[in-house]
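Chain by chain, the residues run as shown.
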Amino acid sequence: ASKLSKTSHGAYAPSVPEGWVQSFRYDGIYKVAKYGPGIGKAGFRVYRYLLLRDDKEPAPWSSEGQKKGPHLMSHAGKNMKANKAGKGEDSKENAGATANKQAAQEPPAKKAKVMTAEEKEADEQLRGRIASDRANQKIWGGILGGASKKAPVSDQREVLDTIVKEFQCVVCMDLAQEPVTTPCGHNTCRSCFRRGMKIEANCAFCRAAIPEDFAGSAPVNAPLWQVLRELFPSLTS
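Conventions we followed
- Residues numbered from 1 in each chain as written.
- Predicted model: local features only at pLDDT ≥ 70, side-chain atom pairs only at ≥ 80, totals over all residues.
- Heavy atoms only, no water.
- UniProt positions renumbered as here; feature names shortened; annotations may be inferred.
- Helix = DSSP H or I, 4+ residues; strand = E, 2+ residues; numbered from the N terminus.
- Salt bridge = Lys/Arg side-chain N within 4 Å of Asp/Glu carboxyl O.
- Core = buried A, V, L, I, M, F, W, Y, C linked by side-chain atoms within 4.5 Å.
- Buried < 20%, exposed > 50% of the residue type's maximum accessible area, 1.4 Å probe, protein only.
- Contact = heavy atoms within 4.5 Å.
- Arc of directions from axis to C-beta.
- Axes fitted to C-alpha atoms, helices over the stretch in contact; angles between N-to-C directions.
- Parallel < 35°, antiparallel > 145°, perpendicular 65-115°, else oblique.
- Left-handed = near helix turned anticlockwise from the far one by under 90°.

Novice: How should the UniProt feature "domain: RING-type" (unreviewed entry) in the protein chain be read in this particular structure?
Specialist: On the UniProt side, "domain: RING-type" (unreviewed entry) is annotated at positions that read residues 169-207 here. As a span, residues 169-207 carries 26% helix and 15% strand, and end to end its C-alpha atoms are 15 Å apart.

Right under this line is the structure:
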């Protein structure tokens with residue numbers, strides 16, 4: 001790379017040594033002696049600062065500073081070239097050492113747990129009860145579509161988290177208890193549903209009209225309620 005042209009830098013900008021693309025100069029420590037508002041060249045309000053140099057080292061533009069400048073620049077340039085050369089020689093050795101270190105730190109891979117015959121039977125029964133929840137067939141399809149068949153549904157944390165999210169009551173935002181699945185496909189606690197029906201016969205989520213007989217009976221979705229109690233035993237019956 002060639003030296004930067006003087007036209008693109010100020011009069012006090014440092015010259016660029018051969019092989020360098022860009023150069024910066026450390027001017028020392030300054031303190032703010034004075035500041036205040038003013039109007040800038042573009043007509044906007046700006047703040048102007050008066051900086052005074054407060055450094056024991058000689059200023060770079062002084063005769064003493066110019067004597068030190070080339071020495072410091074050449075020293076830095078030599079260090080950069082040495083580092084660049086060293087990287088090429090040590091790259092293979094460092095790469096091998098890094099790979100060995102990473103291999104030593106990595107824990108051994110865990111063996112996949114194999115379902116026992118009892119677990120497999122219980123999981124098949126659970127999936128059968130899930131399939132009987134016709135009102136939420138689309139939701140269950142999305143949940144089980146991402147579930148592994150190599151482990152019980154009840155042991156898959158991500159699946160359980162998704163179930164909690166999908167079957168939250170649209171009113172209290174808790175996992176629906178004695179869930180009522182509305183004709184429009186939304187789930188709510190039976191107690192929350194009944195309170196809402198006393199105000200107006202509309203779905204709390206999408207505002208769809210609820211048939212009068214459905215609003216009066218508030219039928220619990222038995223298959224869904226059975227599955228939720230099985231997966232989350234802390235739910236009250």
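Moving on from the coordinates now.
Novice: For this particular structure, what's the right way to read the pattern of salt bridges?
Specialist: Opposite charge on two side chains permits them to pair, given that their charged atoms come into close proximity. Taken as a whole and assessed by the stated rule, the structure comprises 4 salt bridges. Across the salt bridge formed by R127 and D123, the nearest N and O atoms sit 2.9 Å from each other. Of this pair, R127 and D123 both sit in helix α2 (residues 117-131), 4 residues apart, which is roughly one turn of the helix. A salt bridge links D161 to R157; its shortest N-O distance comes to 3.3 Å. Placement of the pair is D161 and R157 together in helix α4 (residues 157-166), with a separation of 4 residues, close to one helical turn.

Novice: I tried to follow unusual backbone geometry on my own but got confused; where do I start?
Specialist: What you tend to see is this: most non-glycine residues have negative phi, and most peptide bonds are trans. One non-glycine residue with positive phi stands out, namely M173, at about 65 degrees. Among the structural elements, M173 can be located in the loop between α4 and β3 (179-181).

Novice: I keep staring at the nonpolar core and nothing clicks. Help me out?
Specialist: Nonpolar side chains in soluble globular proteins tend to end up buried together. With 18 residues, the main nonpolar core has W140, I163, F167, L228, L231 and F232 as its most contacted residues. Mapped by element, the contributors of at least two residues to this core are α2, α3 (137-145), α4 and α7 (222-231). Sequence-distant contacts of F232, defined by excluding residues within four places in its chain, comprise L160, I163, V164 and L175. Within the second largest apolar cluster, 8 residues are counted, among which are V180, M197, C203 and A218.

Novice: When you look at helix α5 (residues 190-199) in this model, what are you seeing that I'm missing?
Specialist: Turning to α5, its buried residues number three or more, namely R190, C192, F193 and M197. Considered in projection along α5, the buried side chains sweep an arc of 155 degrees and stay on one side of the axis. Those residues of α5 that are exposed and aimed more than 90 degrees away from the buried face are R195, K198 and I199. Tucked inside the fold, the buried residues of α5 contact β3, β4 (187-189) and α6 (212-217).

Novice: What should I look at first to understand the packing of α3 against α4 in this one?
Specialist: Interhelical geometry of α3 versus α4 gives an angle of 155 degrees and a closest axis separation of 10 Å. In terms of axis orientation, α3 runs roughly antiparallel to α4. For the pair α3 and α4, the sense of crossing is right-handed. Of the residues in α4, those in contact with I139, W140 and I143 of α3 are V159, T162, I163 and E166.

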